[in-house]
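Inside the fold
Here are the chains, one letter per residue:
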Amino acid sequence: MELTYHKIPGWFNYTDSYAQLASNLPDGAKIVEIGSFMGRSTHFLATAFWNANKENVKIYCIDTWEGSGKEHAHLNLDKMYDIFRNNLRFFIGREIVIPLQGRSDNQEFLDRFEDGSIDAISIDGSHTYDDVCDDIDNWWPKLKPDGVMIGDDYYLESVQQAVADTFRKMNIDNRIYVNSASERTWYVAKDGNAEGYFKGIPK
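The following paragraphs examine the structure supplied in this document. On a predicted model such as this, the values are computed, not experimentally measured, just so you know.

Glancing now at the packing of aromatic side chains. Using the criterion set out here, one finds 17 aromatic pairs in the structure. Counting every residue linked through ring pairs, the aromatic cluster contains Tyr5, Phe12, Tyr14, Tyr18 and Phe44.

Laid out in structure tokens, this is it:
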């Protein structure tokens, strides 16, 4: 299938990371994406899995589809959820993409996943310090022992500080791996092997 994600409006700077996930994760993997907007990143990831003949993957997309922060202030968000669903209709119809509309700290969403059950979690929702801390705290236990957490916009002070402080509390701040080519994307592998996940991405 042709990659057409670039036709969907939005911000998406970690194609290399998502391509690695599609390559490394097995068919049947579970991924949670916090912050999906119109579906640009989701479409890339779902297409990459599809092209790898991994059609049993589940990508759970958590978003309010109501926008957050000044980057969305100029947009008409009334039909954002419908736009996302239309952009991802091929994958939603095959239950590869499962939209979950609401906040990422929604207890119903958290309860849906057992601890140690998710292969990868992507954090790109609200970028406030408190919200990034909460997303890491809430979702880290859900990762499998060899799972990986990815986040965007590391260049923002609020994100850098939240990532450093939250993983420092867990005594694993030495596991934070940053893409030095853009200084936008951060990764932490639960087993400490982020480099094993992301070979070839500059550190």
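So much for the structure itself; the text now carries on.
As a further point, take the nonpolar core. Tyr18, Leu21, Ile31, Phe49, Ile59 and Val97 are the most contacted members of the largest nonpolar core, which totals 36 residues. Residue assignment for this core shows that the elements contributing at least two residues are helix H1 (15–24), helix H2 (40–51), strand E2 (58–63), helix H3 (80–87), helix H4 (89–93), strand E5 (143–151) and strand E7 (186–189). Ranked by residue count, the leading element in this core is H2, at five residues. Listed in part, the 29 residues of the second largest apolar core include Phe113, Val132, Ile172 and Val178.

Let's shift gears to unusual backbone geometry. For Asn53, which is not glycine, the phi dihedral falls at a positive 60 degrees. Relative to the assigned elements, Asn53 resides in the loop between H2 and E2. Of the residues examined, Asn53 reaches a relative accessible area of 60% and is grouped as exposed. Positive phi outside glycine occurs at Trp65, with the angle close to 55 degrees. Mapped onto the fold, Trp65 is located in the loop between E2 and H3.

Our focus in this paragraph is the side chain of Thr47. Within the fold, Thr47 resides in helix H2. Its relative accessible area of 0% is what places Thr47 among the buried residues.

Let us now look at the sheet that holds strand E6 (residues 177–178). The sheet built from seven strands is open, its strands ordered E3-E2-E1-E4-E5-E7-E6 with mixed pairing. The two strands at the open ends of the sheet, each matched to only one other strand, are strand E3 (97–101) and E6. Where strand E1 (residues 30–34) and strand E4 (residues 118–123) come together, four bridges link them in parallel fashion. Looking across to E4, one finds that Glu33 is bridged to Ser122.

As a further point, take the pattern of salt bridges. Counted according to the given criterion, the structure contains seven salt bridges. Salt-bridge contacts for Lys169 lead to Asp137; the nearest nitrogen and oxygen are separated by 3.5 Å. Linking Lys169 in helix H7 (residues 157–169) with Asp137 in helix H6 (residues 129–139), this pair joins segments that are 32 residues apart in sequence. Asp137 sits in the partly exposed class, given a relative accessible area of 31%. A salt bridge links Arg168 to Asp165; the nearest nitrogen and oxygen atoms lie 2.9 Å apart. On the criterion of helical spacing, the pair formed by Arg168 and Asp165 is a turn pair, its members being three residues apart in helix H7. Judged by relative accessible area, Arg168 falls into the partly exposed class, the value being 43%. One network of salt bridges, in which partners are shared, links Asp152, Asp153 and Arg184.

Rules and cut-offs
- Residues numbered from 1 in each chain as written.
- Predicted model: local features only at pLDDT ≥ 70, side-chain atom pairs only at ≥ 80, totals over all residues.
- Heavy atoms only, no water.
- Phe/Tyr/Trp six-rings, centres within 6.5 Å; stacked < 30°, edge-to-face > 60°.
- Core = buried A, V, L, I, M, F, W, Y, C linked by side-chain atoms within 4.5 Å.
- Buried < 20%, exposed > 50% of the residue type's maximum accessible area, 1.4 Å probe, protein only.
- Helix = DSSP H or I, 4+ residues; strand = E, 2+ residues; numbered from the N terminus.
- Pairing = 2+ DSSP bridges.
- Salt bridge = Lys/Arg side-chain N within 4 Å of Asp/Glu carboxyl O.

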